[in-house]
Amino acid sequence: MAKNKRKSRLNWLEQVAPWGVPILLIIIWQLLSQIGWLPTRILPAPTSVLQAAIQLAKSGELWRNLYISTVRACIGFLIGGGIGFVLGLLNGLFPIAEKLLDTTIQMVRNIPHLALIPLVILWFGIGEQAKIFLVAIGVMFPIYLNTYHGIRTVDGGLIEMGKVYGLKPWELFWRISLPGALPSILVGVRYALGIMWLTLIVAETIAADSGIGYMAMNAREFLQTDVVVFSILLYALLGKLADMATALLEKRLLQWHPNYQTVPA
Amino acid sequence: MTQLPRGADLKLLDLGKRFGNHAVLRELNLEVASGQFVAIVGRSGCGKSTLLRLVSGLDHPTSGIIYQDGNPLRQLNRSARVMFQDARLLPWQRVWENVGLGVQQNWKERSLWALQQVGLASHAQDWPSTLSGGQRQRVALARALVSQPRLFLLDEPLSALDALTRMDMQHLIERLWQEQGFTTVLITHDVEEAVALADRVVMIDTGRVALDLQVSLSRPRQRQETAFVTLVERILKHITGLESREQTSDSYRLSLDIRSEHHSHHQYSHPANPQ
Ligand SMILES: Nc1ncnc2c1ncn2[C@@H]1O[C@H](COP(=O)(O)OP(=O)(O)OP(=O)(O)O)[C@@H](O)[C@H]1O
Ligand SMILES: [Mg+2]
């Protein structure tokens, strides 16, 4: 019993500990603003950022922009991630496809996708397609690379075993290649989510009339530093949420992996 | 449709396999009767695994034919199951899913049955990564036997296990073979294991059958018995005899290489380690 109690307390500590440093920073920040060391124009106090947030939430502006940004992020991610995943599978499974496509993909990959912004604006204006296109291009390559790499590094011994045990090509893929590649694919997803937000921030600040990036840029024109700071924090929060979602996904999908196993007490 | 016997019978005719210019097997002839337990020994690199891959249909001979039950084997051998040196369990499937791999109907019942045979029914729901090396090989054994194969091929499946676990596994394999009557080909570098389990010990050298000995000791075999010990010694003598006769054999050269390499390594390590 006593042991159990200690354990749950430790558990609680473990959950809270990572938040200690950010909370401390916010407290220091607040103090510095209050004694006037930090001019409001440079960095408004956490309380005024919070006030700005509440106001934005009340007026509905926050939700509208948040919704638009999220939709863009998701659509771009699904399109780009889907293409990257399929290409990765193709090239990982079929040497012919690899011979045909890999060089091209590697060449395109070496263009920083944000360098395409001027061209993309010429093509699509500042419409939705522009942002979605950029996000899709950005997430495609990490997912492609990690899917491809994951498939290629699946233990050949397992595939050979599968053949001897009478698995058909489809079963070989479904039961051996894909699960074997999954840890690598999820690394790609995690990385791609980072790129997804980054791309969206840049795209929305440069060419948009809605979204969180636009909200920040708009606030800058009216010298609303608190809104700008809040938008930045919002991106951090969204990034963290996406990361947590993949961590959860990993935990579910990679239960078998020794790294994710908790030994039953 | 005629009823095939429980164990497959094999006939390897003038079997040859080369990788590029390197002829690993040449004109190898071997007949294995239905239900027989054959152990194959030979020094490392003599082509034992290659032979097993040919019989399992994973690879194809460059020349010669393999007949199984009188029919030439042309593709994957459907009636054979292979056990490898490593267990090759799928880490992302639970133990019983691994055992049920490739089973078409009632995989759950059948894999539980097979796990019972190897004494691991209580671990059916575990992940393979939580098992010990010996337990993993037992799961691999259950997986091989769940579909009641007619031919069981084992490529040094016990060599990575400790002595005690190995003995347990040997008894288990012998018992299951006696109960189920499949034909068994066991590759091993452990002559004692070969004599303990097999009806017949076949030695491969320079791509051919160099020795083919019947083991007519009664089962269960007692390893302390004089007849057992003499037989083991006789086979060992044969192996070492072959090696000393071929002074230029690979293994002889290899041992020289290792020695000279060791020597030079010594010299190099001195300056980096001043005393
Ligand atoms: N796929 C391959 N390509 C080229 N050479 C091969 C291939 N497979 C095996 N060989 C060669 O064939 C020879 C026999 O290999 P094999 O694995 O059959 O030996 P083995 O008797 O099983 O040895 P060990 O006891 O060490 O397992 C070796 O010289 C090996 O290098
Ligand atoms: Mg071998």
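Residues numbered from 1 in each chain as written. Chains lettered and ligands numbered in written order. Predicted model: local features only at pLDDT ≥ 70, side-chain atom pairs only at ≥ 80, totals over all residues. Heavy atoms only, no water.

Trainee: A description of the overall build of chain A should follow, citing residues and the corresponding values.
Mentor: Helix and strand counts for chain A come out as 10 helices and zero strands. From first element to last, N terminus to C terminus, chain A shows the α and β order α-α-α-α-α-α-α-α-α-α. Whereas a compact globule of 265 residues would reach a radius of gyration of roughly 18 Å, chain A reaches 23 Å, over 25% beyond that. By principal-axis analysis of the C-alpha atoms, chain A measures approximately 75 × 70 × 30 Å. When each of the 265 residues of chain A is scored for burial, the buried share is 40%. Taking as baseline every contact in chain A between residues at least 6 positions apart, the subset at least 24 positions apart corresponds to 70%. For chain A, the accessible area works out to roughly 16000 Å², and carbon and sulfur atoms hold 70% of it. (Helix = DSSP H or I, 4+ residues; strand = E, 2+ residues; numbered from the N terminus. Rg over C-alpha atoms; globule rule 2.2 N^0.38 Å. Buried < 20%, exposed > 50% of the residue type's maximum accessible area, 1.4 Å probe, protein only. Contact = heavy atoms within 4.5 Å. Areas by Shrake-Rupley, 256 points an atom, 1.4 Å probe, with all protein chains shown as cover.)

Trainee: Account for the interface of chain A and chain B, with residues named and values stated.
Mentor: Contacts between the two partners involve 18 residues from chain A, matched on the other side by 25 residues from chain B. When chain A packs against chain B, close to 2000 Å² is buried across both sides, 61% of that on carbon and sulfur atoms. At the surface where chain A touches chain B, the tally comes to two salt bridges. Between Glu160 of chain A and Arg53 of chain B there is a salt bridge, with the nearest N and O atoms lying 2.4 Å from each other. On the surface where chain A and chain B come into contact, there are eight residue pairs in polar contact (both at pLDDT 80 or more). Every element with two or more residues in the side of chain A that touches chain B is listed here: α7 (156–164) and α8 (169–206) of chain A. With six residues, α7 of chain A is the largest single contributor of residues to the side of chain A that touches chain B. (Buried area = accessible area lost by both parts, 1.4 Å probe. Salt bridge = Lys/Arg side-chain N within 4 Å of Asp/Glu carboxyl O. Polar contact = N/O pair within 3.5 Å; in protein donor to acceptor, adjacent residues only side chain to side chain.)

Trainee: Would you mind going over the pattern of salt bridges in detail, with residue names and values included?
Mentor: This model, assessed by the stated rule, comprises 17 salt bridges over all chains. Glu250 of chain A is the salt-bridge partner of Arg190 of chain A, the closest N and O atoms lying 3.3 Å from each other. Of this pair, Arg190 of chain A sits in helix α8 while Glu250 of chain A sits in helix α10 (residues 225–253); the two residues are 60 residues apart in sequence, bridging distant segments of the chain. By relative accessible area, which is 7% here, Glu250 of chain A ends up buried. Salt-bridge contacts for Asp199 of chain B lead to Arg219 of chain B; the nearest nitrogen and oxygen are separated by 2.8 Å.

Trainee: Go over the domain arrangement of chain B, please, and point to the residues and values.
Mentor: All names here are of chain B. Split by domain assignment, chain B resolves into domain 1 (10–79 + 151–222) and domain 2 (89–148). Summarising the inter-unit geometry, the C-alpha centres of domain 1 and domain 2 are found 24 Å apart. Each side of the interface is counted separately: domain 1 has 12 residues, and domain 2 has 11 residues. Interface of domain 1 and domain 2: buried area, both sides summed, is about 910 Å²; carbon and sulfur atoms make up 73% of it. For the domain 1 face of the interface with domain 2, the top three residues by lost area are Phe152, Met169 and Gln180, together amounting to 43%. At the surface where domain 1 touches domain 2, the tally comes to two residue pairs in polar contact (both at pLDDT 80 or more). Here the side of domain 1 that touches domain 2 takes eight residues from helix α5 (residues 163–180), the largest share from any one element. When the residues that make up the side of domain 1 that touches domain 2 are grouped by side-chain class, the tally is eight nonpolar, two polar and two charged. (Domains from an automatic or database assignment. Nonpolar A, V, L, I, M, F, W, Y, C, P; charged D, E, K, R; others polar.)

Trainee: Please give an account of the site of ligand 1 that cites residues and values.
Mentor: All names here are of chain B. Every residue near ligand 1 is listed here: Phe19, His22, Val24, Ser44, Gly45, Cys46, Gly47, Lys48, Ser49, Thr50 and Glu156. At 3.0 Å, a backbone N or O of Gly47 approaches an oxygen atom of ligand 1. About the coverage of ligand 1: the protein hides 56% of its 630 Å² of free accessible area. Listed by contribution, the elements that provide at least two residues to the shell around ligand 1 are β2 (22–32) and α1 (48–56). Considered class by class, the residues forming the shell around ligand 1 number three nonpolar, six polar and two charged. (Near = heavy atom within 4 Å.)

Trainee: Hey, could you go over the nonpolar core for me, with residue numbers and the actual values?
Mentor: Of all hydrophobic cores here, the largest spans 128 residues; its most connected members are Leu115, Leu141 and Val195 of chain B. For this core, the leading source of residues is α8 of chain A, giving 14 residues. Residue-level mapping places this core at the junction of two domains, with at least three residues from each of domain 1 (10–79 + 151–222) and domain 2 (89–148) of chain B. Ignoring sequence-local partners within four residues, the contact set of Leu115 of chain B consists of Val95, Trp96, Val99, Leu120, Ala121, Ala124 and Ala142 of chain B. Of all hydrophobic cores here, the second largest spans seven residues; its members include Met140, Phe141, Tyr144 and Tyr148 of chain A. (Core = buried A, V, L, I, M, F, W, Y, C linked by side-chain atoms within 4.5 Å.)

Trainee: So, unusual backbone geometry: which residues are in play, and what are the values?
Mentor: The residue after Arg219 of chain B, namely Pro220 of chain B, is reached through a cis peptide bond having omega -5°. By the secondary structure assignment, Pro220 of chain B is in the loop between β10 (208–214) and α7 (226–245). At Leu223 of chain A, a residue that is not glycine, the phi angle is positive and equals roughly 55°. Looking at the element boundaries, Leu223 of chain A is found in the loop between α9 (212–221) and α10.

Trainee: Account for the pairing of strand β7 (residues 151–155) of chain B, naming residues and giving values.
Mentor: Residue and element names in this part refer to chain B. With five of five residues buried, β7 lies mostly within the body of the structure. Residue alternation in β7 divides its side chains into two sets, Leu151, Leu153 and Asp155 and Phe152 and Leu154, and both sets are buried. In the sheet, β7 pairs with strand β8 (residues 183–187) via five bridges, with the strands oriented parallel. Following the sheet pairing, Leu154 is matched in β8 by Leu186. Each parallel crossover has a hand, and the one from β7 via α5 to β8 is right-handed. (Pairing = 2+ DSSP bridges. Right-handed = clockwise from strand over helix to strand, strands pointing away.)

Trainee: Lay out a nonpolar patch on the surface in plain terms, naming residues and giving numbers.
Mentor: Residues and elements named next belong to chain A. Judged by side-chain polarity, Tyr67, Val71, Ile75, Ile79 and Ile83 come together as a nonpolar surface patch covering roughly 440 Å² of accessible area. Inspection of the secondary structure assignment puts Ile83 in helix α3 (residues 61–93). On the basis of relative accessibility, which here comes to 41%, the residue Ile83 falls in the partly exposed class. (Patch = residues over 30% accessible without salt bridge, like charges linked within 9 Å, V, L, I, M, F, W, Y side chains within 5 Å.)

Trainee: Which residues make up the packing of α9 of chain A against α10 of chain A, and what values go with them?
Mentor: Residues and elements named next belong to chain A. Interaxial distance between α9 and α10 falls to 8 Å at its minimum, and their mutual angle equals 160°. Judged by the angle between their axes, α9 and α10 are roughly antiparallel. Read as a crossing pair, α9 and α10 show a hand that is left-handed. Counted together, Ile212, Gly213, Met215, Ala216, Ala219 and Arg220 of α9 and Val227, Val228, Phe230, Ser231, Leu234, Tyr235 and Leu238 of α10 form the full contact between these two elements. Across the contact of α9 with α10, the residue classes tally to 10 nonpolar, two polar and one charged. (Axes fitted to C-alpha atoms, helices over the stretch in contact; angles between N-to-C directions. Parallel < 35°, antiparallel > 145°, perpendicular 65-115°, else oblique. Left-handed = near helix turned anticlockwise from the far one by under 90°.)

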